[in-house]
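Overview (structure and organization)
Chain by chain, the residues:
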Amino acid sequence: MKKKKILILGIVCILLAACCMQGCSGKEERREDKKADQAQEREEGKEQRKETGQEESGIAAPSTAGALHVEGTKLCGGDGNPVQLKGVSTHGLAWFPGYVNEECFGQLRKEWKVNVIRLAMYTAESGGYCTDGDREALKELIRKGVAYAKKQDLYVIIDWHILSDANPNMHLGEAKEFFAEMAEEYADADHVLYEICNEPNGGTGWGEIKSYAEEVIGVIRSHDEDGVILVGTPNWSQFVDEAAADPITGYGNLMYTLHFYAATHKEELRGRMEAAVDAGLPVFVSEYGICDASGSGAIDEEQAGLWMELLKERGVSCVAWNLSNKDETSAILLPSCGKTSGFEESDLSAAGNWLYRMLTGEGEPEGSGEKAGGQAQEPGGKNGGGSETQETEALTNGGMEIQALVKNSWESEGKTVYQYELVLKNTSGKDMDGWEVEIPFHSKITLTDGWNGEYEARESSLRIRSKDYNGSVPADGTVLDVGFIVEGGDGVVY
Ligand code: IDC
């Protein structure tokens with residue numbers, strides 16, 4: 001914000017001298033100073049918007065909305081208009097540092113239309129900031145990320161990613177030191193938000209989080225008087241109602257985080273969020289996934305659609321987990337993608353594909369929960385056209401009756417990719433302790449992902465064995481949440 005441009009300094013000096021002579025307060029000086037800087041920033045922003053192609057997309061960005069603040073339950077831009085941030089979170093910076101590069105951020109900004117990037121820095125775990133991590137290297141990555149975000153006209157969240165260190169007070173001293181340094185450095189950066197504790201858990205109550213937050217916020221505010229601060233809530237940032245009942249007072253521009261994983265957290269958590277917002281709590285979804293809470297398992301597009309609808313309706317910002325090629329459902333890139341920028345459609349996992357479509361509006365998974373996930377289709381023109389509950393063809397082998405539903409399909413480099421979900425029913429008449437099924441396809445397949453099973457692709461058939469946790473199936477029992485993604489195949493042979 002306060003760019004140290006000679007011209008501005010000159011104006012500020014004159015203003016300062018004039019104000020001092022007239023006895024005006026330091027606060028007024030700062031306001032004048034800010035106004036002059038903001039005018040200059042807006043001019044520069046026009047140029048930057050042309051470069052990032054953001055003029056056409058019309059989404060809020062630092063160059064248009066400027067410094068953010070909180071009004072009531074809403075995040076707002078400098079002009080007072082509500083702003084919804086939508087973006088993506090890095091995986092742990094220590095584990096996946098490569099994605100912090102300007103080309104990557106630029107592509108996400110221009111092609112994916114994100115307006116925020118979250119820099120997730122684990123505090124515990126291996127390589128964590130408070131355990132055995134290289135603190136200077138981690139801070140350097142954050143500095144780079146903040147600088148690239150600035151250049152690409154993105155907001156950026158500095159995330160103190162507590163997780164296995166369930167109670168944020170465990171590293172209170174380190175947190176205060178870290179945020180003092182960050183807030184001092186970024187006091188005048190319009191595009192920086194601070195997230196002070198990712199997910200308190202392990203029974204850590206709101207009282208403990210609140211006392212931690214008050215300390216850390218105090219430190220941040222002593223350097224940065226108005227940057228937006230995101231505060232975690234109990235139970236992996238889900239119990240926003242507890243914060244709503246006893247919010248932090250005495251400081252402005254605070255928001256409280258809610259995290260959801262759509263295949264695990266559904267109606268009940270949406271209800272909690274709505275009630276908290278209705279009670280006046282500013283909520284920010286700084287992390288979500290469309291799979292289950294482990295970050296893996298099957299994707300639930302229907303629930304994801306319902307969440308997106310609600311977030312849109314309430315204007316709640318949301319950041320997807322995670323920007324990496326780790327072999328887990330929530331990673332937006334396939335493990336086979338070694339690139340750290342210049343991603344193509346064929347590099348995207350099912351989660352990445354969904355996110356891209358949601359953010360850009362292409363293929364529209366957003367909006368209607370029904371549209372997003374409710375349609376079960378058969379490839380190769382055998383479209384049942386109905387909902388998942390409708391009777392579909394089934395095949396039987398390995399003692400199981402198998403229904404293979406296509407949840408999603410898309411084109412990639414001239415080939416069609418299908419995401420299947422299976423419903424397996426034990427029709428063997430006996431209880432099973434472990435199962436194995438085979439799915440024959442019309443043509444050769446390439447397996448790109450699979451969950452809740454051990455997979456082996458052989459030419460045009462796919463063998464799936466149970467995991468240790470879903471192998472026991474009573475007679476007539478059903479196994480759900482088994483799914484996979486294959487390229488090609490032209491449909492299942494019944
Ligand atoms: C997961 C990562 C996984 C990593 C693990 C570390 O996806 O690769 O091994 O953390 O413990 C969260 C957390 C987020 C989790 C994610 C999925 O904020 O750190 O990432 N998740 O489990 N909350 C709910 C889900």
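Residues numbered from 1 in each chain as written. Predicted model: local features only at pLDDT ≥ 70, side-chain atom pairs only at ≥ 80, totals over all residues. Heavy atoms only, no water.

Along its length, the protein carries 14 helices and 20 strands. Once local pairs closer than 6 in sequence are excluded, the contacts in the protein between residues at least 24 apart make up 72%. If you sum the accessible surface of the protein, you get close to 20100 Å²; carbon and sulfur atoms cover 49% of it. (Helix = DSSP H or I, 4+ residues; strand = E, 2+ residues; numbered from the N terminus. Contact = heavy atoms within 4.5 Å. Areas by Shrake-Rupley, 256 points an atom, 1.4 Å probe, with all protein chains shown as cover.)

Another aspect to go through is the site of the ligand. Within the structure, the ligand sits among 14 residues, and Tyr122, His161, Glu199, Lys326 and Glu328 are positioned closest to it. Measuring from an oxygen atom of the ligand, one finds a side-chain N or O atom of asparagine 198 at 3.1 Å. The separation between a nitrogen atom of the ligand and a polar side-chain atom of tyrosine 261 is 3.3 Å. Notes on the ligand: free accessible area 500 Å², of which the protein chains cover 81%. Here the residues of the shell around the ligand are counted per class, giving 5 nonpolar, 5 polar and 4 charged. (Near = heavy atom within 4 Å. Polar contact = N/O pair within 3.5 Å; in protein donor to acceptor, adjacent residues only side chain to side chain. Nonpolar A, V, L, I, M, F, W, Y, C, P; charged D, E, K, R; others polar.)

Before going further, it helps to spend a moment on unusual backbone geometry. In this chain, tryptophan 321 is followed by asparagine 322 through a cis amide linkage whose omega measures 10 degrees. With respect to the secondary-structure elements, asparagine 322 resides in strand S10 (residues 318–323). Here asparagine 235, not a glycine, exhibits a phi torsion of approximately 60 degrees, which is positive. Along the chain, the position of asparagine 235 falls in helix H9 (residues 234–237).

This structure, assessed with the given rule, holds 25 salt bridges. One salt bridge in this structure joins arginine 272 and aspartate 241, with 2.9 Å as the shortest N-O distance. Highlighted residues: arginine 272 in helix H11 (residues 267–278) and aspartate 241 in helix H10 (residues 240–245), separated in sequence by 31 residues. Residue lysine 467 is joined to glutamate 454 by a salt bridge in which the shortest nitrogen-to-oxygen separation is 3.3 Å. Taken together, the residues span a long stretch of sequence, with lysine 467 in the loop between strand S18 (461–465) and strand S19 (472–473) and glutamate 454 in strand S17 (residues 454–458) at a distance of 13 residues. Among the residues examined, glutamate 454 registers a relative accessible area of 34% and is labelled partly exposed. Through salt bridges with shared partners, a single network forms among Glu136, Lys139, Glu140, Arg143, Glu181 and Glu185. (Salt bridge = Lys/Arg side-chain N within 4 Å of Asp/Glu carboxyl O. Buried < 20%, exposed > 50% of the residue type's maximum accessible area, 1.4 Å probe, protein only.)

Running from N to C, helix H12 (residues 301–314) and helix H13 (residues 350–360) point in directions that differ by 30 degrees, and their axes come no closer than 13 Å. Our classification of the angle between H12 and H13 gives roughly parallel. The element H12 and its partner H13 pack so that their crossing is right-handed. Across from Glu301, Ala304 and Met308 in H12, the residues of H13 making contact are Trp354, Arg357 and Met358. Among the residues making up the contact of H12 with H13, the classes are represented as 4 nonpolar, no polar and 2 charged. (Axes fitted to C-alpha atoms, helices over the stretch in contact; angles between N-to-C directions. Parallel < 35°, antiparallel > 145°, perpendicular 65-115°, else oblique. Left-handed = near helix turned anticlockwise from the far one by under 90°.)

Right, let's get into the environment of alanine 60. Locating alanine 60 in the fold gives a position in the loop between helix H3 (54–57) and helix H4 (62–65). Exposure remark for alanine 60: the relative accessible area of 19% places this residue in the buried category. Each C-alpha atom, one on alanine 60 and one on lysine 86, is 9.7 Å from the other, the two residues being 26 residues apart in sequence. Ignoring anything within four residues of it in the chain, the contact list for alanine 60 reads Ala65, Val83, Asn115 and Tyr155.

Within a beta sheet, neighbouring strands are joined by backbone hydrogen bonds and run either parallel or antiparallel to one another. Taken together, 5 strands build an open sheet; the order of strands is S11-S12-S13-S20-S16 and the sheet is antiparallel. Lying at the two open borders of the sheet, with one neighbouring strand each, are strand S11 (395–397) and strand S16 (445–451). Sheet twist, expressed as the mean angle between neighbouring strand axes with direction ignored, is 35 degrees. Across 3 bridges, the pairing between S11 and strand S12 (residues 400–412) is antiparallel. Across the sheet, threonine 396 pairs through a bridge with glutamate 401, a residue of S12. (Pairing = 2+ DSSP bridges.)

Structural measurements only, silent on function.
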